[in-house]
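Notes for the structure review
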There are 2 protein chains.
Amino acid sequence: MKISLRLARESDLELMMAWRSQPAVYNGFFTQNAPLTWEEHWNWYHTRGPHWRIYIIRVDDGKTRERDVGVITVAQLEYWEPETGLYVGEVSLWGKHVASEALTQVLGILKDLGYKYTRTTILDSNEASKALYKSLGFYRLAEARLGESLYRKSL
Amino acid sequence: MKISLRLARESDLELMMAWRSQPAVYNGFFTQNAPLTWEEHWNWYHTRGPHWRIYIIRVDDGKTRERDVGVITVAQLEYWEPETGLYVGEVSLWGKHVASEALTQVLGILKDLGYKYTRTTILDSNEASKALYKSLGFYRLAEARLGESLYRKSL
């Protein structure tokens, strides 16, 4: 299974919204506990500013065709420690190391761009996400908002 | 809010899969009780044959942009009584008459094509779907598979 990344386009908004509207996905988000509305989603995309990148994770299984399966966001690129966010929207792919491989590629991009650190926040209840980030070398730095912790990785 | 239809393309597969992977959507399907796998979904699409049409439902709210929000399938077009299937994947749009308007348009297409009848099957537990189809003139004809009934409409 080959994993790659491409930059998201505005025409990906429906797909990103559909992925994020699954409880299995949005239960991992701090700020969301119900399906999005289009207007919220549209506003989110159009207010990202120049210091954001949104990557679409792609999978090629060698049998069907290459397809879009999830998202990695990179925020605060103007800062010395940009923040990553991630979800695999194709939930039946969970547990197959797609997130790990895609995130490794993004961490490589950040390192190539000259960043020394990156961070993320994870809900304390999200065991899968904590295990994923820890396996890639992230460590818990401090608490963040209620029920959430801040993790850092040296690149 | 303007509702329109377009024919689905192969490149819509990710979006249709993401919509169908929401419990709120797939709980209305007879044959699905867990998120799809890509391979099932891919095979489904590529085995539809010539007597199927898949329409994407589009909404224009007049404020953001026209967008894809759901699906209407028409099957057995070679038969005197084609079958329709429907879901609004953008679940935060439920209750806003999108399905009703889109289905009305599809029924118009079937009538224009010369069909006199159309049918659908609905889970007996799906009150929203039963109310929708009854409001458009469908009536319960008989039982179908376990826990499901067959509905018909004269065009």
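One structure accompanies this document, and this report is about it. (Residues numbered from 1 in each chain as written. Chains lettered and ligands numbered in written order. Predicted model: local features only at pLDDT ≥ 70, side-chain atom pairs only at ≥ 80, totals over all residues. Heavy atoms only, no water.)

**Considerations on helix H1 (residues 13-20) of chain A**
This is how it is decided: Relative accessibility under 20% of the residue-type maximum defines a buried residue, over 50% an exposed one, and the middle range a partly exposed one, all with a 1.4 Å probe and only protein chains included. Secondary structure elements follow DSSP: runs of H or I of four or more residues count as helices, runs of E of two or more count as strands, with numbering from the N terminus.
Of all the eight residues making up H1(A), eight are buried; the element is thus mostly covered by neighbouring parts of the structure. Buried within H1(A) are the following residues: A:Leu13, A:Glu14, A:Leu15, A:Met16, A:Met17, A:Ala18, A:Trp19 and A:Arg20.

**Comments concerning the nonpolar core**
The criterion, for reference: Remark: nonpolar core denotes a set of buried residues (Ala, Val, Leu, Ile, Met, Phe, Trp, Tyr, Cys) joined through side-chain atoms within 4.5 Å. When checking whether two residues touch, look at their non-hydrogen atoms; a contact exists if any pair is within 4.5 Å.
If you look at the biggest cluster of nonpolar residues, it comprises 36 residues, and the most contacted ones within it are A:Met16 and B:Met16. Among the elements of the structure, H1, helix H3 (38-46) and strand E2 (53-60) of chain A together with helix H1 (13-20), helix H3 (38-46) and strand E2 (53-60) of chain B are those that each provide at least two residues to this core. Discounting chain neighbours no more than four positions away, the residues touching A:Met16 are A:Ala8, A:His41, A:Tyr45, A:Ile54, A:Ile56, A:Val71 and A:Tyr87.

**Overview of the relation of the copies chain B and chain A**
In summary, the two copies of the chain are related to each other by a rotation about an axis coupled with a shift along it. Condition: Least squares is the method for superposing the copies, and the C-alpha atoms it fits come from residues with pLDDT of at least 70 in both.
Its rotation angle being 180 degrees, the transformation that places chain B on chain A also includes 0.0 Å of axial translation and leaves an RMSD of 0.0 Å. Interpreted geometrically, this transformation is the action of a two-fold axis. Interface overlap between copies: 100% of the residues of chain B at the interface are likewise at the interface in chain A, consistent with a symmetric, same-surface contact.

**Quick look at the environment of A:Thr121**
Residue and element names in this part refer to chain A. Convention followed: Within 3.5 Å is the distance limit for a polar contact, defined as a pair of N or O atoms, with the added protein rule that one can donate a hydrogen and the other accept it, and that residues adjacent in sequence qualify only through two side-chain atoms.
Position of Thr121 among the secondary structure elements: in strand E5 (residues 117-123). A relative accessible area of 24% means that Thr121 is categorised as partly exposed. Linking Thr121 and Tyr133, residues twelve residues apart in sequence, is a C-alpha distance of 10 Å. Within the structure, Thr121 has its side chain in polar contact with the side chain of Glu148 (distance 3.4 Å).

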